[in-house]
Amino acid sequence: MIALSLAEIAEVVGGQTHDIPDPSVQVTGPVVRDSREVEPGSLFVAFAGERVDGHDFAHAVVEAGAVAVLGTRPVGVPAVVVDDVQAALGALARHVVRRLGATLVGLTGSAGKTSTKDLIAQVLRRKAPTVFTPGSLNNEIGLPLTALSATDETRFLVLEMGARGIGHIRYLTELTPPKIGLVLNVGSAHIGEFGGREQIAQAKGELVEALPEDGAAILNADDPYVRAMASRTKAKVILFGESDEADVSAENVRLTDSGQPSFRLHTPSGASDVTMRLYGEHHVSNALAAAAVAHELGMSADEIARALSEAGSLSRWRMEVTERPDGVTIVNDAYNANPESMRAALRALVAIGKGRRTWAVLGKMAELGDEALAEHDAVGRLAVRLNVSKLVAVGGREAAWLQLGAYNEGSWGEESVHVSDAQAAVDLLRSELRPGDVVLVKASRSVGLEKVADALLETGAEGEVAAR
Ligand SMILES: Nc1ncnc2c1ncn2[C@@H]1O[C@H](COP(=O)(O)OP(=O)(O)OP(=O)(O)O)[C@@H](O)[C@H]1O
Ligand SMILES: [Mg+2]
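For clarity, every value in this text was computed on a predicted model and none was experimentally measured.

Reading the values: rules and limits
Residues numbered from 1 in each chain as written. Chains lettered and ligands numbered in written order. Predicted model: local features only at pLDDT ≥ 70, side-chain atom pairs only at ≥ 80, totals over all residues. Heavy atoms only, no water. Helix = DSSP H or I, 4+ residues; strand = E, 2+ residues; numbered from the N terminus. Rg over C-alpha atoms; globule rule 2.2 N^0.38 Å. Buried < 20%, exposed > 50% of the residue type's maximum accessible area, 1.4 Å probe, protein only. Contact = heavy atoms within 4.5 Å. Areas by Shrake-Rupley, 256 points an atom, 1.4 Å probe, with all protein chains shown as cover. Lys, Arg positive; Asp, Glu negative; His and termini not counted. Charge placed at Lys NZ, Arg CZ, Asp CG, Glu CD. Domains from an automatic or database assignment. Buried area = accessible area lost by both parts, 1.4 Å probe. Salt bridge = Lys/Arg side-chain N within 4 Å of Asp/Glu carboxyl O. Polar contact = N/O pair within 3.5 Å; in protein donor to acceptor, adjacent residues only side chain to side chain. 1 Å grid on protein atoms, 1.4 Å probe; cavity = no way out; pocket = protein on both sides within 12 Å on 5 of 7 lines; lining within 4 Å. Points joined across faces, edges and corners; volume = space filled by probe spheres on them. Nonpolar A, V, L, I, M, F, W, Y, C, P; charged D, E, K, R; others polar.

Caption draft 1: Summary view of the overall build of the protein. A count of helical and extended segments in the protein gives 17 helices and 22 strands. What you see for the protein is a C-alpha radius of gyration of 24 Å, in line with the 23 Å of a compact globule of 468 residues. Principal axes of the C-alpha set define a box for the protein whose edges measure 75 × 50 × 50 Å. For the protein, the proportion of its 468 residues judged to be buried stands at 56%. Intrachain contacts of the protein at a sequence separation of at least 6 include 65% that bridge at least 24 residues. Per element, the accessible surface of the protein, about 19200 Å² overall, is 47% carbon and sulfur. Separation of charge centres in the protein, based on 45 positive and 62 negative side chains, amounts to 3 Å.

This is the structure we're talking about:
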């Protein structure tokens, strides 16, 4: 964080200082909420959760070098005391980003935020020091903590913004007002909580409403809900996608034999070839979005294409492809699932598995509301249409719908099976997998299917030991 004295912090957050002998002492280290992340110079933010109360760690964090605690009560060590810790954290972030010389990039969408944020960061950091959301910390606490990790050197601050309802993105843009706002897509993630796609579009569009006149709204030309957001912003609009209207687009898109997208990138300042290290055609759209941001920030098509071609996966369990010693390939996309990402992942599985036996180990897509039955049925059917060799549907009712969709689309015998839980899936796969098979593992976060991927990778390692 940029250096701030405790007196200034107390003033910014409207707090009382307690047990602070010298209010001119500065916070220079990171602002953290996890006591294990404290470093000398840190400010420790104490949240009182259901199970753990951050205030209980006050003495320990000061011993570990924290300058003070930001909390709701005096704790016997230097503290800034406020009524509402979340509001105080937000106020501090707003104060700090105003003082930073960095350009803020905010992005949202139903699917692909983290993947795209990681791409944007890997492109922009070639040009200048870039701070970006770690993992998927995109909410009212993760976002200000990320913003507070910027320093005087930071030129670009890239922030993932998540929403579970109307007003959430607006709140985040008030803390950290973006100059560039990117909306990826309006899908069906959290549709149950939102009430429908119109509401999701309303919520995501709050990002472009917050942009200044000299800013840029970067919109997916191929998604009608996102395209329509052009009328909700004062900022300049830059479109990306396959549509003829798009300012940033891809030509000759194909998947290499290993399932990695390759295309010619077109930007208003030129064209250049990209072959990605990431897997799955859905990353083309993410790459174009990242390219549009980088173009707006003055990078050339060649620079952008090179960075996109070298970008790796920074966040775990997103199309993580691992080759087992026995030649079985595990594609771990267990981080999350929604109908769009299920379809993209199945297509990637089929590309990676061309000429090989392919397995789709799938579980439920959460939060689909009234669309749940139809969407699970459709994914089951798509697996059959794409000619995936084996579908293993894992879990309760939704898994049954997946399997029934496949059955009704014409799978027969053991081409599609329904098992009750992750352990049953592991047992089945351990006995059935053969060298050369490719296995995709994917479901919503709550299903925890990464356990299946982990177990299968351990099996591979044991296999290697046994073979020696
Ligand atoms: N453009 C895209 N379209 C559809 N699916 C995508 C796209 N990009 C990534 N995905 C898939 O969506 C899932 C989530 O990806 P990612 O973590 O990047 O999204 P997110 O929007 O950050 O999710 P969250 O809301 O959990 O933060 C992954 O399974 C990934 O394979
Ligand atoms: Mg995310």
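Caption draft 2: Quick look at the domain arrangement of the protein. Domains assigned within the protein are domain 1 (4-82), domain 2 (100-310) and domain 3 (320-461). For domain 2 versus domain 3, the distance between C-alpha centres works out to 29 Å. Between domain 2 and domain 3, the residue contacts involve 18 residues of the former and 15 residues of the latter. When domain 2 packs against domain 3, the two sides together hide about 1300 Å² of surface, and 54% of this comes from carbon and sulfur. The tally of links from domain 2 across to domain 3 stands at three salt bridges. Salt-bridge contacts for E340 lead to R197; the nearest nitrogen and oxygen are separated by 3.7 Å. In this assembly, domain 2 and domain 3 are joined by two residue pairs in polar contact (both at pLDDT 80 or more).

Caption draft 3: Quick look at the side chain of H376. Relative to the helices and strands, H376 resides in helix α14 (residues 372-385). Polar contacts involving the side chain of H376 include one to the main-chain carbonyl oxygen of A372, which spans 2.8 Å. Every residue in contact with H376, bar those within four places of it in the chain, is listed here: K364, M365, L368, E398, W401 and L402.

Caption draft 4: Region of interest: the layout of surface pockets. Quantified by volume, the second largest pocket comes out at close to 270 Å³. Contributing to the lining of the second largest pocket are 13 residues, with R33, F47, V52, G54 and F57 lying nearest its centre. Its residues assigned to classes, the lining of the second largest pocket shows six nonpolar, three polar and four charged.

Caption draft 5: Quick look at the environment of G109. By the secondary structure assignment, G109 is in the loop between β8 (103-108) and α4 (113-124). We classify G109 as buried; its relative accessible area is 0%. Through-space distance from the C-alpha of G109 to that of A203 is 9.8 Å; in sequence the pair is 94 residues apart. If sequence neighbours within four positions are ignored, G109 has contacts with L184, N185 and K204.

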